[in-house]
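A closer look at the structure
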Number of protein chains: 2
Amino acid sequence: MEEKEISQAVIGRLPRYFRYLGELKDEGVERISSQDLSELMKVTASQIRQDFNNFGGFGQQGYGYNVEYLYKEIGKILGLDVQHNFIIVGAGNLGRALGNYTNFERRGFYFRGMFDQDPELVGRKVRNVQVRPMEEMEEFIGDNEIDMAVLAIPKAGAVPVAERLSRTSIRAIWNFAHVDLNLPERIQVENVHLSDSLMRLSYNIDRYRKEQEGS
Amino acid sequence: MEEKEISQAVIGRLPRYFRYLGELKDEGVERISSQDLSELMKVTASQIRQDFNNFGGFGQQGYGYNVEYLYKEIGKILGLDVQHNFIIVGAGNLGRALGNYTNFERRGFYFRGMFDQDPELVGRKVRNVQVRPMEEMEEFIGDNEIDMAVLAIPKAGAVPVAERLSRTSIRAIWNFAHVDLNLPERIQVENVHLSDSLMRLSYNIDRYRKEQEGS
């Protein structure tokens, strides 16, 4: 696999391909043509062929793509065949929602620990994981080969917690706090800024209304 | 405002500008140069100047940008000065997390109703909003000038609920269900596909590891 040469634009589209191929596989579909996949995903067939050519094709003319093979190969490119252990920092509604999110395991991410500064929440359980006090975080990370942390805490607490995490073996942060984190390059950060998403929606509602009014 | 001419790429960056300007405003900062904003946001100063030129500049040479003015103008472009009423479908952990998310009001979105098919959840309260049964959804939307719905339900239920919503006055769906919705053009859809985000993170962890190993 020469995945290093794949552009970020293509990489950005892989999760969606993976999702659709996973659904096709679950439905028992064995092969699919780029035309059929194009209709399903509302992407042009030529885009699909170009994207898949980036990692060696996997398709045969007039025969279509082997769904399971393609699903597995894209999974490997996305690193989903590697196991990760993660903790969630923040046991509020969002943290609990994420702890209950079973798609994690399907993607190779195993929920091992949960931390909160609120003594009221310490000791509670989310699935089989007990909420621990923040003071135990570093030791837990070291003892349990944790390599990813989910930040589900308010903005104000996120920066100091991220700094604490950056002094551990953590290699990745999935950040739901409403702030951009500036961390060493070796720590991968993926932001889910819900407010930014809500603003894009707001813009699109407004734009559509203005178009209809012809203003 | 000739916002129709602004490219989607610039629009995509506006929420982040808005967020940083809001923080500066809250901190009492009145003016900021493109250089200082550049350092803060890790974006080039020339990118900032180009982006802001799209909607008439708002800056003066050697004087910097007026933070509050810029904040308000970007807010208007994003439609944040318009009030929206929304419901949340799904009163599980994610739905409750979103119901408790107070940034909504700051963006002009008012939480009015919550629905779930689980009788155990009906009648519970999230902030001041009581969970209602799904059968009451359409009538509630009509009676309360609801124009946005948040979908915080599993994939399987999302498509039929979205179809029910598309027969109401709803103009926008903020979709957290793990499925792409195909709805009439008049309904704006913003997807938050957490699994896609997790896969991007997985890819970046794997890529960084391979780079370090020099493979």
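The structure this text deals with has already been given above.
Since the model is a prediction, treat every value here as computed from it, not as a measurement.

1. Remarks on the overall build of chain A
When helices and strands are tallied, chain A shows 9 helices and 10 strands. Referenced to the eigenvectors of the C-alpha coordinate spread, the extents of chain A come out at roughly 60 × 50 × 35 Å. Contacts in chain A between residues far apart in sequence, at least 24 positions, make up 55% of those at least 6 positions apart. Carbon and sulfur atoms form 43% of the exposed surface of chain A, whose accessible area is close to 10300 Å². Each charge class in chain A was averaged separately, 27 positive and 32 negative side chains, and the resulting centres sit 3 Å apart.

2. Looking at the sheet that holds strand 8 (residues 148-151) of chain B
Taken together, 7 strands build an open sheet; the order of strands is 6-7-5-4-8-9-10 (chain B) and the sheet is mixed. The sheet is open, and its two borders are formed by strand 6 (125-126) and strand 10 (188-191) of chain B, each paired with just one other strand. By the bridge criterion, 2 bridges tie strand 6 of chain B to strand 7 (residues 129-133) of chain B in an arrangement that is antiparallel. If you follow Val126(B) over to strand 7 of chain B, its bridge partner there is Val129(B). Of the strands in this sheet, strand 4 (84-89), strand 5 (109-116), strand 8, strand 9 (172-175) and strand 10 of chain B are in contact with helix 9 (residues 194-213) of chain A, which crosses strand 10 of chain B at around 165°. Strand contacts of helix 8 (residues 155-166) of chain B: strand 4, strand 8 and strand 9 of chain B, with the helix running at about 175° to strand 8 of chain B, the strand carrying the most contacts.

3. Considerations on the pattern of salt bridges
Close approach of charged atoms lets side chains of opposite charge pair. The tally for this structure, following the rule as stated, stands at 32 salt bridges over all chains. Two residues, Arg164(A) and Glu138(A), come together in a salt bridge whose shortest N-O distance is 2.8 Å. With Arg164(A) in helix 8 (residues 155-166) and Glu138(A) in helix 7 (residues 137-143), this pair connects stretches of sequence that are 26 residues apart. Judged by relative accessible area, which is 23%, Arg164(A) ranks as partly exposed. The residue Glu190(A) makes a salt bridge to Arg200(B) at a minimum N-O spacing of 3.1 Å. Taken as a pair, Glu190(A) in strand 10 (residues 188-191) and Arg200(B) in helix 9 (residues 194-213) lie in two separate chains rather than in one. Judged by relative accessible area, Arg200(B) falls into the partly exposed class, the value being 31%. Counted as one network, the salt bridges with shared partners bring together Arg16(A), Arg19(A), Asp180(B) and Asp196(B).

4. Some words on the packing of aromatic side chains
All told, the structure shown has 18 aromatic pairs over all chains when counted by the stated rule. Arranged with centres 5.4 Å apart and planes meeting at 75°, the rings of Phe115(B) and Phe140(B) form a pair that is edge-to-face. Highlighted residues: Phe115(B) in strand 5 and Phe140(B) in helix 7 (residues 137-143), separated in sequence by 25 residues. Taken together, a centroid distance of 4.9 Å and an interplanar angle of 70° make the contact between Trp174(B) and Phe176(B) edge-to-face. For the residue pair Trp174(B) and Phe176(B), the accessibility class agrees, reading buried in each case. Members of the aromatic cluster, joined through ring pairs, are Phe86(A), Tyr101(A), Phe104(A), Phe111(A), Trp174(A) and Phe176(A).

5. Digging into the nonpolar core
Inside soluble globular proteins, nonpolar side chains tend to come together where they are buried. Of all hydrophobic cores here, the largest spans 48 residues; its most connected members are Met148(A), Trp174(A), Leu98(B), Met148(B) and Trp174(B). Excluding residues that lie within four positions of it along the chain, Met148(B) makes contacts with Leu198(A), Leu201(A), Asn85(B), Phe86(B), Ile87(B), Phe109(B), Ile170(B), Ala172(B) and Trp174(B).

6. Remarks on the interface of chain A and chain B
Counting from both sides, the interface comprises 65 residues of chain A and, opposite them, 65 residues of chain B. Around 6100 Å² of area is buried between chain A and chain B when both sides are counted, 58% of it from carbon and sulfur atoms. It is Leu198(A), Met199(A) and Tyr203(A) that lose the most area in chain A upon contact with chain B, and together they represent 12% of the buried surface on that side. The residue Asp180(A) makes a salt bridge to Arg16(B) at a minimum N-O spacing of 2.7 Å. In this assembly, chain A and chain B are joined by 25 residue pairs in polar contact (both at pLDDT 80 or more). Elements represented by at least two residues in the side of chain A that touches chain B include exactly helix 1 (8-26), helix 4 (67-77), helix 5 (93-99), helix 6 (103-106), strand 9 (172-175), strand 10 and helix 9 of chain A. The greatest single-element share of the side of chain A that touches chain B, amounting to 17 residues, is contributed by helix 9 of chain A. In terms of residue class, the side of chain A that touches chain B is built from 29 nonpolar, 15 polar and 21 charged.

7. What about the relation of the copies chain A and chain B?
Turning one copy of the chain about an axis and sliding it along that axis gives the other copy, so a rotation and a shift relate them. Superposition of chain A onto chain B requires a rotation of 180° combined with a translation of 0.0 Å along the rotation axis, giving an RMSD of 0.0 Å. Such a combination of rotation and displacement between the chain copies is what one expects of a two-fold axis. A share of 100% of the interface residues of chain A reappears at the interface of chain B, consistent with the copies meeting face to face through the same patch.

8. Digging into the pairing of strand 7 (residues 129-133) of chain A
Residue and element names in this part refer to chain A. Pairing geometry for strand 5 (residues 109-116) and strand 7, over 3 bridges, is parallel. Counterpart to Phe115 in the pairing with strand 7 is Arg132. Between strand 6 (residues 125-126) and strand 7, which pair antiparallel one after the other, the connecting turn spans 2 residues, and Arg127 there sits at a positive phi close to 50°.

9. Considerations on the sheet that holds strand 4 (residues 84-89) of chain A
Paired through backbone hydrogen bonds, the strands of a sheet run either parallel or antiparallel to each other. Taken in spatial order, the 7 strands make up an open sheet running 6-7-5-4-8-9-10 (chain A), and their pairing is mixed. Across the chains shown, the open sheet's two edge strands, defined by having one partner strand only, are strand 6 and strand 10 of chain A. Strand contacts of helix 9 of chain B: strand 4, strand 5, strand 8 (148-151), strand 9 and strand 10 of chain A, with the helix running at about 165° to strand 10 of chain A, the strand carrying the most contacts.

10. Comments concerning the environment of Ala156(A)
Residues and elements named next belong to chain A. Counting through the fold element by element, Ala156 comes out in helix 8. On the accessibility criterion, Ala156 (70% relative accessible area) is exposed. Put simply, Ala156 and His178 are 22 residues apart on the chain and 8.9 Å apart in space, counted from C-alpha to C-alpha.

Analysis parameters
Residues numbered from 1 in each chain as written. Chains lettered and ligands numbered in written order. Predicted model: local features only at pLDDT ≥ 70, side-chain atom pairs only at ≥ 80, totals over all residues. Heavy atoms only, no water. Helix = DSSP H or I, 4+ residues; strand = E, 2+ residues; numbered from the N terminus. Contact = heavy atoms within 4.5 Å. Areas by Shrake-Rupley, 256 points an atom, 1.4 Å probe, with all protein chains shown as cover. Lys, Arg positive; Asp, Glu negative; His and termini not counted. Charge placed at Lys NZ, Arg CZ, Asp CG, Glu CD. Pairing = 2+ DSSP bridges. Axes fitted to C-alpha atoms, helices over the stretch in contact; angles between N-to-C directions. Salt bridge = Lys/Arg side-chain N within 4 Å of Asp/Glu carboxyl O. Buried < 20%, exposed > 50% of the residue type's maximum accessible area, 1.4 Å probe, protein only. Phe/Tyr/Trp six-rings, centres within 6.5 Å; stacked < 30°, edge-to-face > 60°. Core = buried A, V, L, I, M, F, W, Y, C linked by side-chain atoms within 4.5 Å. Buried area = accessible area lost by both parts, 1.4 Å probe. Polar contact = N/O pair within 3.5 Å; in protein donor to acceptor, adjacent residues only side chain to side chain. Nonpolar A, V, L, I, M, F, W, Y, C, P; charged D, E, K, R; others polar. Least-squares fit on C-alpha atoms with pLDDT ≥ 70 in both.

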